[in-house]
Amino acid sequence: MGASVLVTGFEAFGKHETNISGIVASEISGKNVRGNVIETLVLPVNNDGATTVSKLITERKFAAIIHLGLAENSTSPRIEIRARDILDFRIPDNSGRKIINKTISGNGDLFSTIKPEDWDIERMVDSPIISNDAGEFVCNETLYHTLSRIKDNTPCFFLHLPPKQSDAKGLVLQCLDRMLRPPCIDVGAGAIIHNGKFLAARRAPNEKHAGWWEFPGGKFEPGEDAAACLVREIKEELELEVTTGELIGTWIFDHDDVVVRLHVLECHIVDGEMKLHVHDKTQWCDGPNEVSWLGPDQEIAEAISARLPLHPYHP
Ligand code: PCA
């Protein structure tokens, strides 16, 4: 049996009759994410609720923990990555407690154990934003207590949901997926531009993903940045000497066994005769639809094509 992941929501509080966070948590109970079963808890909006999980995790281990709560005044879902060491309640919680301007521990703010830079945030369901401020009420208190007990880097953060959004469940499941997948590997991909065209290269028959077209490049070696990686990789793969130019963009892509963050840089040939080592064919393209691209490279080819000096591509 796989491990469990924990998703908590809250009961209604203040003037609210319902709380989307508790509803969403209950609705995804029992679902499976990357082999882990979702267990859910709906917490009371008081000190018991804020400390339930911090107590539970001294006895049980979870593969990931998401706390959900309602962000009354927000229009976007908020990925809270910091729990502030302060409570300042504008309204009493559900036990009548009203804490005014007090620290929680006096030991300072705590930071979430997730790596949102490894997530494709711009492409996620309902456009979540990263937030450094979980408020000063029970949600912040809960995140603070849980993070203060996590000693083993169990991925954990607080997802504040707006009162209305189109697919809260979808977003929570997507966040769990991102928390449970392997860390990103940084890969450089070169957009070699020459005479107004850019180079596509086809992976040779004995290579992984044989027959698909891609941009030359590869994994960063220790100490390398995208530019250094591409100068080396393009020399190794094509025997071309290049200089690198502007960053066209970064794309994160999940290949199932590995998650890559592609750093796409413009490159210009300064010397060399092209000779192929991991590819069996190349093509100079003036648009994005000339070859069958591997994975996200179609999208990247569109971004490069739009920048071509001679015939920019407009879909
Ligand atoms: N939202 C409150 C507490 C419970 C909830 O759902 C908050 O933002 O602190």
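Scroll up for the structure.
This structure is a prediction, so every number in the text was calculated from the model and none was measured.

**Some points on the pairing of strand S11 (residues 197-203)**
Then comes step 1: Burial within S11 is extensive, with five of its seven residues counted as buried.
Then comes step 2: Pairing analysis gives two bridges linking strand S10 (residues 184-194) to S11, with the strands arranged antiparallel. Among the inter-strand pairings, Ile193 is bridged to a residue of S11, identified as Phe198.
Then comes step 3: As paired elements, S11 and strand S16 (residues 279-285) share six bridges and run antiparallel to each other. Counterpart to Ala201 in the pairing with S16 is Thr282.
Then comes step 4: One ladder, built from two bridges, connects S11 with strand S12 (residues 213-214); its direction is antiparallel. Across the sheet, residue Ala201 finds its bridge partner in S12, namely Glu214.

**So, the site of the ligand**
Then comes step 1: Looking at the ligand, the residues that line it are Phe10, Phe13, Asn19, Gly69, Leu70, Phe137, Val138, Cys139 and His160.
Then comes step 2: Between the ligand and Asn19, the relevant distance is 2.8 Å, taken from an oxygen atom to a side-chain nitrogen or oxygen of the residue.
Then comes step 3: For the ligand, an oxygen atom lies 2.8 Å from a polar atom in the backbone of Leu70.
Then comes step 4: Starting from 260 Å² of accessible surface for the ligand in isolation, the protein chains cover 94%.
Then comes step 5: Broken down by secondary-structure element, the contributors of at least two residues to the shell around the ligand are strand S4 (64-70) and helix H3 (138-149).
Then comes step 6: When grouped by side-chain class, the residues that make up the shell around the ligand number six nonpolar, three polar and no charged.

**Regarding the packing of helix H2 (residues 47-56) against H3**
Then comes step 1: Packing of H2 against H3 brings their axes to within 8 Å, and their N-to-C directions diverge by 20 degrees. Judged on the interaxial angle alone, H3 and H2 are roughly parallel. Judged by the twist between their axes, the crossing of H2 over H3 is right-handed. On H3, the residues touching Asn47, Gly49, Ala50, Thr51, Val53, Ser54 and Lys55 of H2 are Val138, Glu141, Thr142, His145, Thr146 and Arg149.
Then comes step 2: Here the residues of the contact of H2 with H3 are counted per class, giving three nonpolar, seven polar and three charged.

Definitions and limits used
Residues numbered from 1 in each chain as written. Predicted model: local features only at pLDDT ≥ 70, side-chain atom pairs only at ≥ 80, totals over all residues. Heavy atoms only, no water. Buried < 20%, exposed > 50% of the residue type's maximum accessible area, 1.4 Å probe, protein only. Helix = DSSP H or I, 4+ residues; strand = E, 2+ residues; numbered from the N terminus. Pairing = 2+ DSSP bridges. Near = heavy atom within 4 Å. Polar contact = N/O pair within 3.5 Å; in protein donor to acceptor, adjacent residues only side chain to side chain. Areas by Shrake-Rupley, 256 points an atom, 1.4 Å probe, with all protein chains shown as cover. Nonpolar A, V, L, I, M, F, W, Y, C, P; charged D, E, K, R; others polar. Axes fitted to C-alpha atoms, helices over the stretch in contact; angles between N-to-C directions. Parallel < 35°, antiparallel > 145°, perpendicular 65-115°, else oblique. Left-handed = near helix turned anticlockwise from the far one by under 90°. Contact = heavy atoms within 4.5 Å.

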